[in-house]
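If you want the building blocks of each chain, they are given just below.
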Amino acid sequence: MLAIRLVSGSTGPDALVLPVRPGAPDAPPEVVPTATTPGDDIRAEVAALLPVARHTGAAGEIREHLRPGGAPSRLWLLGVGDGDERAWRSAGAALARAAKSETQITIALSGRAGATQPEDKAALRGLAEGLLLGSYRFRLTEAGARPAALARVDVLVADPEALADTLAAARATAEMTRLARDLTNTPSSTKHPEWLADQVAAAASGRPDLHLRVRGPEELAAEGFGGILAVGAGSARSPRLVELDWRPADARTHVVLVGKGITFDTGGISIKPVPAMKLMRKDMAGAAAVLAATLGAAELRLPVRVTTLAPLAENMVSGSAFRPGDVIRHYGGLTSESTNSDAEGRLVLADALAYAVRELKPDLLVDLATLTGANAVALGKRHAALYSDNDGLATDLVAAISAAGEGAWRMPLTDDYLEYLASDVADLHSSPAQGAGSVVAALFLREFTGDLRDRWAHLDMSAPSWSDDVHDELVKGATGWGVRGLLRWLATLG
Ligand code: BES
Ligand code: MN
Ligand code: ZN
């Protein structure tokens, strides 16, 4: 992965990146003050260039200026817009793309001499995450066959020491987001429940402060996890329940995160048509995000206990698959009638939520799931749908998610459709056909939250879990949605 270093003196004679921002109306853009280089000569040179450079200063806009025989021999003028974290993130991602055939570049961070300011930290955080996420590629080719990629970025700052923690946080966040992207992009020929559990074990190994328990089909049966078993019944590759616990000694708050981990969703007997099935290897993006966020919480030593539950199953079509009309007994005893085997996510989540409430008794409970296509219909491509009866929790989550550069939008968890959940043969109907798909799915989940009903939030993230195009720090494919927002939120709980 791209190495980012903080340095206080100029290093390479090659490319130097200078931040520029929009000027006053009708005036050319201006060079952003930086605490270190450039020297007055370069500053004057750039000031003379800007009126003719056709640069607007907008975040991510780049112009190259060649200086034959000079040191540096090339100047890149990088737009950083209004200079906040989001703008620097776009700029960092654009820089990563523009520099993909460079080996090393140096960039002067905005800032002033003297004490490091909060704005300097925000700029570095945005820059580092933009660079690391914008340069992400998922390829199954041999390492040697990969195209050359930018290997090192030196960031010029006044006081490297004062920014070291900020860079470490950005790096851990980006690394975990990249892990979630890798897991989600992996084809389902490779990725099955046991494989995914093994990846978590590998990532958690060597960390005695992380505890991992993986339940296989026998344990799931013995303890009554009927939803996970039903959904996994049609696959030759049996289901798992991953329980990963980060338990720092100084924790005062205990959060349980639950993530949907369907390693492939054919729809089951209620089989999906071709266009709807082609991307269903991503149906474990919720599990990937909560697991990666927990690994990140441990890496950053956040003083909050986080237990993550990832129910993993493959929803397949076969002679052993569960059938429409089956009645499932979930963990804890509630039963549900399922008339559509494609509404499988809520069945595995129901078990995990009920287990969390009865056995783990956390202070807060949050689930992430690629639960319904309705999420994208309502909110487009970038926002998850957030459901909660707790206004404070909803506000905090939306704020943390958006500060981290992701999107979530609160939706009505209205009781209006509760009657849709009525079943003649079971406690609940899991897949009513009346509509309000994303809301009804949330209402179904809420039935399993018991005493924690008012301390629970559900994020339906099927839309933002995947990107169809390159946009800022997102590249085509899995986005790792949720890792950044969850880490930001967990850091506020302490
Ligand atoms: N995994 C899908 C939801 C999904 C759709 C995720 C598109 C990402 C992109 C989920 O299991 C599903 O099939 N949901 C159904 C629910 C319905 C059968 C009640 C849906 O949304 O159509
Ligand atoms: Mn489905
Ligand atoms: Zn699904």
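Analysis parameters
- Residues numbered from 1 in each chain as written.
- Chains lettered and ligands numbered in written order.
- Predicted model: local features only at pLDDT ≥ 70, side-chain atom pairs only at ≥ 80, totals over all residues.
- Heavy atoms only, no water.
- Buried < 20%, exposed > 50% of the residue type's maximum accessible area, 1.4 Å probe, protein only.
- Helix = DSSP H or I, 4+ residues; strand = E, 2+ residues; numbered from the N terminus.
- Axes fitted to C-alpha atoms, helices over the stretch in contact; angles between N-to-C directions.
- Left-handed = near helix turned anticlockwise from the far one by under 90°.
- Contact = heavy atoms within 4.5 Å.
- Nonpolar A, V, L, I, M, F, W, Y, C, P; charged D, E, K, R; others polar.
- Domains from an automatic or database assignment.
- Salt bridge = Lys/Arg side-chain N within 4 Å of Asp/Glu carboxyl O.
- Polar contact = N/O pair within 3.5 Å; in protein donor to acceptor, adjacent residues only side chain to side chain.
- Parallel < 35°, antiparallel > 145°, perpendicular 65-115°, else oblique.
- Donors = N, O, S within 2.8 Å, 3.2 Å for Na, K, Ca; no water.
- Tetrahedral: all angles 85-135°; square planar, octahedral: opposite > 155°, others 65-115°.

Turning our eyes to something else, we now look at helix H13 (residues 437–446). With 9 of 10 residues buried, H13 lies mostly within the body of the structure. Of the residues making up H13, those classed as buried are Ser-438, Val-439, Val-440, Ala-441, Ala-442, Leu-443, Phe-444, Leu-445 and Arg-446.

Where helix H2 (residues 85–98) contacts helix H3 (residues 118–134), the two axes come as close as 7 Å, and the packing angle between them is 35 degrees. Between H2 and H3 lies a crossing of right-handed hand. On H3, the residues touching Glu-85, Trp-88, Arg-89, Gly-92, Ala-93, Leu-95, Ala-96 and Arg-97 of H2 are Ala-122, Ala-123, Arg-125, Gly-126, Leu-127, Glu-129, Gly-130, Leu-131 and Gly-134. Looking at the contact of H2 with H3 residue by residue, the class counts come to 8 nonpolar, 4 polar and 5 charged.

Moving on, we come to the domain arrangement of the protein. Each assigned domain of the protein is listed with its residue range as follows: domain 1 (3–159) and domain 2 (174–490). Just the C-alpha atoms count here: the centres of domain 1 and domain 2 sit 38 Å apart. Taken together, the contacts link 17 residues of domain 1 with 20 residues of domain 2. Seen at the junction of domain 1 and domain 2, the total is 1 salt bridge. Of the charged contacts in the structure, one is a salt bridge between Arg-488 and Glu-85, with a shortest N-O distance of 2.6 Å. Seen at the junction of domain 1 and domain 2, the total is 9 residue pairs in polar contact (both at pLDDT 80 or more).

Next up on the list: the packing of H3 against helix H4 (residues 160–185). One can describe the packing of H3 onto H4 by two numbers: an axis separation of 9 Å at closest approach and a directional angle of 30 degrees. Between H3 and H4, the angle is such that the two are roughly parallel. Our pair here, H3 against H4, has a crossing hand that is right-handed. In this structure, H3 contributes Asp-120, Lys-121, Leu-124, Arg-125, Ala-128, Glu-129, Leu-132 and Leu-133 to the contact, and H4 contributes Ala-162, Leu-163, Thr-166, Leu-167, Ala-169, Ala-170, Arg-171, Thr-173, Ala-174, Thr-177, Arg-178 and Arg-181. Of the residues that constitute the contact of H3 with H4, the class distribution is 10 nonpolar, 3 polar and 7 charged.

Okay, the coordination of the zinc ion (ligand 3) next. Within the protein, the atoms that donate to the zinc ion (ligand 3) are Lys-260 (NZ), Asp-265 (OD), Asp-283 (OD) and Glu-344 (OE), at distances of 2.0 to 2.4 Å. Taken together, the 6 donor atoms coordinating the zinc ion (ligand 3) span angles of 78 to 171 degrees at the metal, a pattern that classifies the geometry as octahedral. Donor residues binding the zinc ion (ligand 3) come from one chain and are separated in sequence as K-x4-D-x17-D-x60-E. The metal-metal distance between the zinc ion (ligand 3) and the manganese ion (ligand 2) is 3.2 Å, with Asp-265 serving as a donor to both. When its relative accessible area of 2% is taken as the criterion, Lys-260 is described as buried.

Right, let's get into the pattern of salt bridges. Summed over the entire model, instances satisfying the criterion amount to 33 salt bridges. With its nearest N and O atoms 3.9 Å apart, the salt bridge here joins Arg-240 to Glu-194. In this pair, Arg-240 sits in strand S9 (residues 240–246) while Glu-194 sits in helix H5 (residues 193–204), placing the two residues 46 residues apart along the sequence. The partly exposed category is assigned to Glu-194, whose relative accessible area is 38%. Among the charged side chains, a network of salt bridges with common partners joins Arg-213, Arg-215, Glu-219, Glu-223 and Glu-243.

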